[in-house]
Every structure is written in structure tokens, then in C-alpha cells.
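Each chain is listed here by its residues.
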Amino acid sequence: MDTSNPVIQLCMAGARAEFEHRLDEARQLYLQAWEAHTDDYEACIAAHYVARFQDTAEASLRWNQLALEHAEAVG
């Protein structure tokens, strides 16, 4: 994993915020990662983290399915 990748950095910052119970900040960082993705690899990672902060199980499932679709497209 390339920790200098901007999407990875946003997800790592989001994870730190999440573990420090700064949940609104974590949610925003994960959404920023999604908005910043430029390829399927980045999209897969960002969607996985965005899924963690959905209001319903259905929405979480949709984001996780999106993460899987992008993972399968990586090759």
C-alpha cells in the first residue's frame, strides 16, 4: 500500500479520527477520499470506509458492494 497516495492518506486520517471518537471528522475525511479517487483501487478503499458511516444497513451494503465492484475491476 502506497501511504503517500492522497486517498490512502485521507483514509488513514479518517481512521485516526474514528479511533479517537471524532466521528464527524472521520466521516468527512472518508467522503473526501471518495471524492478524490482517481482509479478503481482508490475507489475500492474509499468506498469501504464510507460504508462504515451509513445510516442504514442497506446503505452500508450498497457502499460495500461498490467497493467490491471496484476491487474486481483492479485486476
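Residues numbered from 1 in each chain as written. Predicted model: local features only at pLDDT ≥ 70, side-chain atom pairs only at ≥ 80, totals over all residues. Heavy atoms only, no water.

Chemist: Tell me about a nonpolar patch on the surface, residues and numbers included.
Modeler: The grouping of Met 1, Tyr 41 and Val 74 at the surface amounts to a nonpolar patch, some 320 Å² of accessible area in total. Locating Met 1 in the fold gives a position in the segment before α1 (6-19). (Patch = residues over 30% accessible without salt bridge, like charges linked within 9 Å, V, L, I, M, F, W, Y side chains within 5 Å. Areas by Shrake-Rupley, 256 points an atom, 1.4 Å probe, with all protein chains shown as cover. Salt bridge = Lys/Arg side-chain N within 4 Å of Asp/Glu carboxyl O. Helix = DSSP H or I, 4+ residues; strand = E, 2+ residues; numbered from the N terminus.)

Chemist: I'd like to hear about α1, residue by residue, with values.
Modeler: The first and last C-alpha atoms of α1 sit 20 Å apart over 14 residues, in line with the 20 Å expected at 1.5 Å per residue. Of all the residues in α1, the buried ones are Val 7, Ile 8, Leu 10, Cys 11, Ala 13, Gly 14, Ala 15, Ala 17 and Glu 18. Buried residues along α1 sit in contact with α2 (23-36) and α3 (40-51). Capping of α1 at its N-terminal end is provided by Asn 5; its side-chain oxygen lies 2.7 Å from the backbone amide nitrogen of Val 7. Following α1 by one or two positions, His 21 has its phi on the positive side, about 65 degrees. (Expected span 1.5 Å × (residues − 1). Buried < 20%, exposed > 50% of the residue type's maximum accessible area, 1.4 Å probe, protein only. Contact = heavy atoms within 4.5 Å. Polar contact = N/O pair within 3.5 Å; in protein donor to acceptor, adjacent residues only side chain to side chain.)

Chemist: So what about the pattern of salt bridges? Which residues, and what values?
Modeler: Within this structure, the stated rule accounts for four salt bridges. Among the salt bridges present, the one from Arg 22 reaches Glu 20, with a minimum N-O distance of 2.3 Å. Owing to a relative accessible area of 32%, Arg 22 belongs among the partly exposed residues under this scheme. Owing to a relative accessible area of 48%, Glu 20 belongs among the partly exposed residues under this scheme. With a closest N to O distance of 2.9 Å, Asp 24 and Arg 27 form a salt bridge.

Chemist: Tell me what's going on with the packing of α1 against α2, and back it up with residues and numbers.
Modeler: Running from amino to carboxyl end, α1 crosses α2 at an angle of 165 degrees, the nearest separation of the two axes being 8 Å. Put simply, α1 runs roughly antiparallel to α2. Where α1 crosses over α2, the handedness of that crossing is left-handed. Counted together, Val 7, Leu 10, Cys 11, Ala 13, Gly 14, Ala 15, Ala 17 and Glu 18 of α1 and Leu 23, Glu 25, Ala 26, Leu 29, Tyr 30, Gln 32, Ala 33 and Ala 36 of α2 form the full contact between these two elements. Among the residues making up the contact of α1 with α2, the classes are represented as 12 nonpolar, two polar and two charged. (Axes fitted to C-alpha atoms, helices over the stretch in contact; angles between N-to-C directions. Parallel < 35°, antiparallel > 145°, perpendicular 65-115°, else oblique. Left-handed = near helix turned anticlockwise from the far one by under 90°. Nonpolar A, V, L, I, M, F, W, Y, C, P; charged D, E, K, R; others polar.)

Chemist: Could you give an account of the nonpolar core, with specific residues and numbers?
Modeler: Core analysis: the largest hydrophobic core is formed by 21 residues, its most contacted members being Tyr 30, Ala 33, Trp 34 and Trp 63. For this core, the secondary structure elements donating two or more residues are α1, α2, α3 and α4 (57-74). Every residue in contact with Ala 33, bar those within four places of it in the chain, is listed here: Val 7, Leu 10, Cys 11 and Ala 46. (Core = buried A, V, L, I, M, F, W, Y, C linked by side-chain atoms within 4.5 Å.)

Everything listed here is a matter of geometry and, on its own, says nothing about what the molecule does.
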